[in-house]
Amino acid sequence: MHILRLAGRRLAASIPTLILILVGVFLLLQLAPGDTVDAMMAQMGGGDARTAEDLRRFYGLDLSVTAQLGNYLWRLIRFDLGFSAIYGKPVAQVIAERLPATILLMTASLSFAFFFGIVFGVIAARGVNRWPDTLISTLGLIFYATPSFWFGLMAIVVFSIYLQWLPAGGLSDITQVKEGIWLVLDTARHLVLPTLTLGLIFLAIYLRIMRASMLEVLTLDFVRTARAKGLDETRVVVRHVLRNALLPMVTLIGLQAGTMLGGSVVVESVFSLPGLGRLAYESVVQRDLNTLLGIIFVSALLVIAVNFVVDLVYARLDPRIKTEG
Amino acid sequence: MAFVRAYFRSPPAVIGLFLLLCVIAMAVSAGWFFPRDPLALAGRPLVWPFANPRFPLGTDNSGRDIAAQIFYGARISLLIGGVATVIAVIIGIVIGAVSGYYGGWVDNVLMRITEAFQTLPNFLLLLVLVAVFGSNITTVIIAIGIVSWPAPARLTRAEFLSLRNREFVQAGRTLGLKDMKLIFGEILPNALPPVIVYASVVMAVSILLESALAFLRLSDPNVASWGNLIGLGRDVLRVQWYVSAIPGIAILVTVLAVSLVGQGLNDALNPRLKGR
Amino acid sequence: MTDASPAVLTLDALSVRLPAGADRPHAMKDVSLAISSNEILCVVGESGSGKSMTANAIMRLLPGGVEIDGGKVLFDGRDLTQLTEAEMRDVRGAGIAMIFQEPMTALNPLRTIGDQIGEMFAIHTKLKGAAITERVLSLLEEVRIPDPKLAARAYPHELSGGQRQRAMIAMALALDPKVLIADEPTTALDVTTQAQILALIRDLQARKGTAVLFITHDFGVVAEIADRVAVMQHGLVVEQGPAAQILDDPQHPYTKQLIAAVPPLKAPPPRPLSGETILAVEHVSKTFRTGGFLGRGVRVTHAVKDVTLSLPKGGTIGIVGESGSGKSTLARCIVRLIDPDTGVINLNGRDLAKLSREEMRRATRHIQMVFQDPFASLNPRRKAGELVAQGPIVHGMDRAEALAKAKELFSLVGLDPAATDRYPHEFSGGQRQRIGLARALALQPEVLVADEAVSALDVSVQAQVLRLLAELRQRLGLSIVFITHDLRVAAQVCDLVAVMKNGEVVEAGPIGKVFGDPQHPYTQALLASIPGREFGVKREAVSV
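Since the model is a prediction, treat every value here as computed from it, not as a measurement. (Residues numbered from 1 in each chain as written. Chains lettered and ligands numbered in written order. Predicted model: local features only at pLDDT ≥ 70, side-chain atom pairs only at ≥ 80, totals over all residues.)

Time to look at the overall build of chain C. Each helix and strand counted, chain C has 21 helices and 20 strands in total. Whereas a compact globule of 544 residues would reach a radius of gyration of roughly 24 Å, chain C reaches 25 Å, a difference of no more than 12%. Dimensions of chain C, computed from the C-alpha atoms along their principal axes, are close to 75 × 55 × 45 Å. Burial analysis of chain C (544 residues in total) assigns 49% to the buried set. (Helix = DSSP H or I, 4+ residues; strand = E, 2+ residues; numbered from the N terminus. Rg over C-alpha atoms; globule rule 2.2 N^0.38 Å. Buried ≥ 20, exposed ≤ 12 C-beta atoms within 10 Å, placed from the backbone.)

Spelled out as structure tokens, the structure:
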């Protein structure tokens, strides 16, 4: 109960953050050359000034910036993100269609990076400064330095073009309709390369942090107590070190949720996945500012949601949280 | 001097420094080896590497010399990494120092803003900035600096929080030192080393961010950027994969070098934590 | 005394080698000790004497690069240095158990107390679930933890320091080990808690007949608990023997020096005090608010509650109390490092509490502070001379002149004036504290506030710094506010004393009167808790 209250308070504290982001980006977009109506007119293949003026009045774009901002925020409260001129649909609908692919990709990449980060981090810390550690640490550094889009392209060259093991893009095979378990397997097959591509840099970060965290915890007094009790090294690690070492890892997930979402822009473009990231890219290229603002809003919500879950998990892991605050 | 010796005792740090010097040498010598515009037509398109001695690394889809673009690209990457990092670190230090030193409502407001920047995916913000202000190279550099400051700010703040109640700072206050003297004369020199080390991370990320932007063709098309070339090579990926592969390796080596140097600095500054 | 009973644990010429590049080749060299069941052997020494390394060597839990390179550790008829790692694990916890200095960090913060004690049974016995729980509860009862059931379910941070150490002791004694190694187990505790823990160890040891190897730096504790004593210096045992003999008739010069450095609890005859008051603290209060968002869950701590004190010119007032008593907060209020909520701080007729920041900055020349931690109180990036010159420069002195003055101050506090060019890390703890003193004196203040200024130092160094302080007080006519948790130290330097508890002054007056005839129950308890009290009283005051 206490945990929920704590997390609830954190959630409430993120409302000003959200408003700050929305107001900031809204005002920023006012500086952009051209507005939604310009984009629409371009889409329609041009039109006269009268039509443009009518459209502006219709969308409330003739009002002052503050009034527009007020209108926008008021509509947001009712979950109305406005209308996308490019897609000819409400922005909310456009985003809803693209959201699942991104969430799927993020969940898969995060799980991959987190799990293998822990495994490799523990292995490296156990054999610190010996060859497994050197190998893992070196690989970690190289993964960290690899541009994800480039890794994606090279993976396509090797696995899709040369070996022909995995598909080069898309979320499912469009040449045939599949159902049930086959659909799941097909989607999974399509997600392998994007997951690796997006997860690679996070794997590098997680394994480095896990290794450092393990080494840090191993120097703490209670580890000496555990050894003085007669525990063998495996038990010392499993029963005393691991959980303590996981705490910074969990914090990191929350801190990096935004970075990962940003990374999906590039990865979804490389693998032509119909996700939120590619939508963001397309809206920038097509100057669909309404959609862009909507994406910003939803992304911020997503990051806040991830942090909410992280807070809950952290409070589960660390009993010290409950007595504070 | 002990610091320099400690640095050179670690082989990875030495390798990193060597690689970084190589990249810098490429950037410096670009105009000398390739006096012509790297983006000008040089020969037949899509010549494979080593096929024609005039183009040791081949040519791209529009017949431009890849080697020349790699050399000139080093300039752009280092320029972006360097300037964007300086921008991010300076903003970060000022905000983190003020926030950590004064605490209270100042801290509250500044940390809310930092949190807002961190909640907003930085690449999305970068897209917005580029969409609004255009994508010439100056804009891109400033934009990357602007999206990268929150992490150094948090780090500086954390250092200040732990240092501001340290006894030597209190001693300075009882001697009658002014706030600015305490911040910049007493606390900052002690808070700086971890921030400087972290600057290497900011630099690595800045280089990666620009290359990603260029890959999406949202960076300046009028400069020879490695990311641009990878994006270009994507059109001929099925057969002439080398057009994308070569600049990617250049990015990898540069970012690796920066990271290794950063880690070397860290180990040399904190000998106790060696091997972490 | 149990001289007749055979030794349970014998160290035979044990040597431990340090890695190359350390300040000396051996952490301990040819250390021979024997400890019998039902006795407490105190290993005493200053920091760096190798006393803690002795414990680690017996348990074979040495840090990386440090190894045993000679001698034997005989326990249960076996040489522990020859055992395999697996055999050694069976000895640890079951045959020889250990408790540590800092019970907060020595316990895993993420697991309950009961779980961590129960682990002893889980690894060394065949007991299961309910049987383990039962044993854990009876152990917690045995160490007299209030409400054992609750304590078993609690996490370490939910217990007080004393309770945590009790839990550690319960854990160590779970399997009735033949030997208990206690490494400074009461150093991190307040004096009243320390007295309770010492009594508990004494009591359990007598009941169970355990052999206890007790490592400490505090001769008071030695006097309180030891049957036999071994004194270590630079990795060597310089003297050992029965407690009474070592304490009353030490032979080795180092032992003599150590014992002489322990301040006796009896105050020297009172000095005549001036009738003029230089510093008057009147009704000062400070509350802290922590936590809470949007006004919810705010916790209010009354750190200082309505404190009134007055310091005569040239006198020294001691403020004593345990951790959390508010003595440090009061010190910081006096120099305005913390702004008091209410009250008057009257220095030479001027109320410091009313000054603006800028006015206070100028007023700092009249009142200066010396800090506790000789490592944290000097900016590591400034040269020692600069540190001392900084104050005068801020207050308008020419830089060259200030640096010259720093050299003078260096010789005043007994440091080599040529050392002003060195950085703080090149000095020892005692020397650093002298630099801190020189820095405070550079402004020629009338009042010096010393916050635990000698607490982090080894006894022999502590005695030197105290002597210096007394000398300077005489020469410069300084008035001093001396904050300390150590009543022995207070007895030696203070003319007046104020005893603080929970933010309030419970008793104040001339030190001889307060310590000789305490009126408040808390003062009485505090004085009664001092380990080795008689040891302190019966010795005559050394000239501090």
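Here we come to the overall build of chain A. Along its length, chain A carries 13 helices and two strands. C-alpha extents for chain A along the principal axes are approximately 85 × 55 × 35 Å. Across the 325 residues in chain A, those meeting the buried criterion constitute 42%. Restricting the contact set of chain A to residue pairs at least 6 apart, pairs at least 24 apart contribute 73%. (Contact = placed C-beta atoms within 7 Å.)

Once that is clear, we can look at the interface of chain B and chain A. Opposite the 38 residues of chain B that make contact, chain A presents 44 residues. Here the element with the most residues in the side of chain B that touches chain A is helix α11 (residues 242-269) of chain B; it accounts for nine residues. Within the side of chain B that touches chain A, the residues separate by chemical class into 25 nonpolar, eight polar and five charged. (Nonpolar A, V, L, I, M, F, W, Y, C, P; charged D, E, K, R; others polar.)

All names here are of chain B. At a minimum axis separation of 9 Å, helix α7 (residues 150-164) and helix α9 (residues 179-215) run at an interaxial angle of 155 degrees. In terms of orientation, α7 lies roughly antiparallel with respect to α9. Pair α7 / α9 crosses with right-handed handedness. Here Pro152, Leu155, Thr156, Glu159, Phe160, Leu163 and Arg164 of α7 come into contact with α9, specifically with Ile187, Asn190, Ala191, Pro194, Val195, Tyr198 and Val202. Of the residues belonging to the contact of α7 with α9, the class tally is 10 nonpolar, two polar and two charged. (Axes fitted to C-alpha atoms, helices over the stretch in contact; angles between N-to-C directions. Parallel < 35°, antiparallel > 145°, perpendicular 65-115°, else oblique. Left-handed = near helix turned anticlockwise from the far one by under 90°.)

With that settled, consider the sheet that holds strand β4 (residues 67-75) of chain C. Residues and elements named next belong to chain C. Spatially, four strands are ordered β2-β1-β4-β5 in an open sheet, and the strand pairing comes out antiparallel. Strand pairing shows two members of the sheet lacking a second neighbour, β2 (26-36) and β5 (78-79), which therefore form its edges. In this sheet, β5 lies alongside β4 in antiparallel orientation, the contact comprising two bridges. Bridge assignment links Leu74 to a residue of β5, and that residue is Asp79. In this fold helix α1 (residues 51-59) packs onto β1 (7-17), β2 and β4, with an angle of close to 75 degrees to the strand it touches most, β2. (Pairing = 2+ DSSP bridges.)

Our focus in this paragraph is the interface of chain C and chain A. Each side of the interface is counted separately: chain C has 26 residues, and chain A has 23 residues. Broken down by secondary-structure element, the contributors of at least two residues to the side of chain C that touches chain A are α2 (85-91), α3 (103-106) and α4 (113-124) of chain C.

Glancing now at the nonpolar core. Among the nonpolar cores identified, the biggest contains 341 residues, and Leu126 of chain B together with Val481 of chain C are the most heavily contacted of them. For Leu126 of chain B, the contacting residues outside a window of four places in its chain are Ala143, Ile144, Val147, Leu209 and Leu213 of chain B. (Core = buried A, V, L, I, M, F, W, Y, C linked by C-beta atoms within 7 Å.)

Another point: the environment of Arg36 of chain B. Residue and element names in this part refer to chain B. Topologically, Arg36 is positioned in the loop between α2 (11-33) and α3 (66-102). Owing to 11 C-beta atoms within 10 Å, Arg36 belongs among the exposed residues under this scheme. Linking Arg36 and Val86, residues 50 residues apart in sequence, is a C-alpha distance of 31 Å.

This next bit is on the domain arrangement of chain C. Residue and element names in this part refer to chain C. The domain boundaries assigned to chain C delineate domain 1 (1-86 + 211-260) and domain 2 (278-543). Its C-alpha centre places domain 1 at a distance of 36 Å from the equivalent point of domain 2. Of the residues lining the interface, 13 residues belong to domain 1; the matching set on domain 2 comes to nine residues. The set of elements that each furnish at least two residues to the side of domain 1 that touches domain 2 consists of α9 (219-225) and α11 (253-261). Considering every element that reaches the side of domain 1 that touches domain 2, the biggest residue donor is α9, with six residues. (Domains from an automatic or database assignment.)

Let's shift gears to the packing of α3 of chain B against helix α6 (residues 137-148) of chain B. All names here are of chain B. Contact geometry of α3 with α6 gives a least axis separation of 8 Å together with a crossing angle of 45 degrees. Here α6 runs oblique to α3, going by the angle between their axes. Here α3 runs over α6; the crossing is right-handed. Between α3, through Ile80, Val83, Ala84, Ile87 and Ala88, and α6, the contact on the second element is made entirely by Ile141, Ile142, Ile144, Gly145 and Ser148. Partitioning the contact of α3 with α6 into residue classes produces eight nonpolar, two polar and no charged.

Further remarks concern the sheet that holds strand β7 (residues 179-183) of chain C. Residues and elements named next belong to chain C. Judged by pairing direction, the sheet is mixed, and its six strands sit side by side in the order β6-β7-β8-β3-β9-β10 without closing on themselves. Both outer strands of the open sheet, β6 (96-99) and β10 (236-242), are each paired with one neighbouring strand and no more. Strand-to-strand, the axes of this sheet are offset by a mean angle of 15 degrees, without reference to chain direction. Pairing of β7 with strand β8 (residues 211-216) involves five bridges; the strand directions are parallel. Note that in β8 the partner of Ala182 across the bridge is Phe214.

On a regular strand, one side chain projects to one face of the sheet and the next to the other, so that they alternate. Residue and element names in this part refer to chain C. Judged by how many residues are buried, β8 sits mostly within the fold: six of six residues are covered. Along β8, one buried face is formed by Ala211, Leu213 and Ile215 and the opposite face, lined by Val212, Phe214 and Thr216, is buried too. The pairing of strand β3 (residues 40-44) with β8 spans five bridges and is classified as parallel. Bridging across to β8, Leu41 finds its partner in Leu213.

Bringing unusual backbone geometry into the picture now. Residue and element names in this part refer to chain C. Phi is positive for Asp76, which is not a glycine, with a value near 60 degrees. With respect to the helices and strands, the residue Asp76 is situated in the loop between β4 and β5. For Asp76, a count of 12 C-beta atoms within 10 Å puts it in the exposed group. One non-glycine residue, Asn348, adopts positive backbone phi at about 55 degrees. On the secondary structure map, Asn348 appears in the loop between β14 (342-347) and β15 (350-351).

Here Ile174 of chain A lies in the loop between α7 (148-162) and α8 (180-218). For the pair Ile174 of chain A and Ser109 of chain A, spaced 65 residues apart in the sequence, the C-alpha separation amounts to 24 Å.

Do not read the predicted coordinates in detail wherever pLDDT is low. Averaged over all residues, the pLDDT of chain C is 88; the fraction at 70 or higher stands at 96%. Scoring the predicted complex yields pTM 0.85 and, for the interface, ipTM 0.87. (pLDDT = per-residue confidence, 0-100.)

Residue and element names in this part refer to chain C. Pairing of strand β9 (residues 228-233) with β10 involves six bridges; the strand directions are antiparallel. Within β10, the position partnered with Val229 by the bridge is Gly241. Where β9 folds back onto β10 in an antiparallel hairpin, the turn is made up of two residues, including His234, whose phi is positive at roughly 50 degrees.

Residue and element names in this part refer to chain B. Here helix α5 (residues 122-133) spans 16 Å end to end across 12 residues, near enough to the 16 Å set by a 1.5 Å rise per residue. Summarising burial for α5: 10 of the 12 residues are buried, a large majority. Among the residues of α5, those classed as buried are Asn122, Phe123, Leu124, Leu125, Leu126, Leu127, Val128, Leu129, Val130 and Ala131. Backbone geometry just after α5 places Gly134 at a positive phi near 85 degrees. (Expected span 1.5 Å × (residues − 1).)

The residue His26 of chain C is located in strand β2 in this model. Sequence separation of His26 of chain C and Leu236 of chain C is 210 residues, and the distance between their C-alpha atoms is 9.6 Å.

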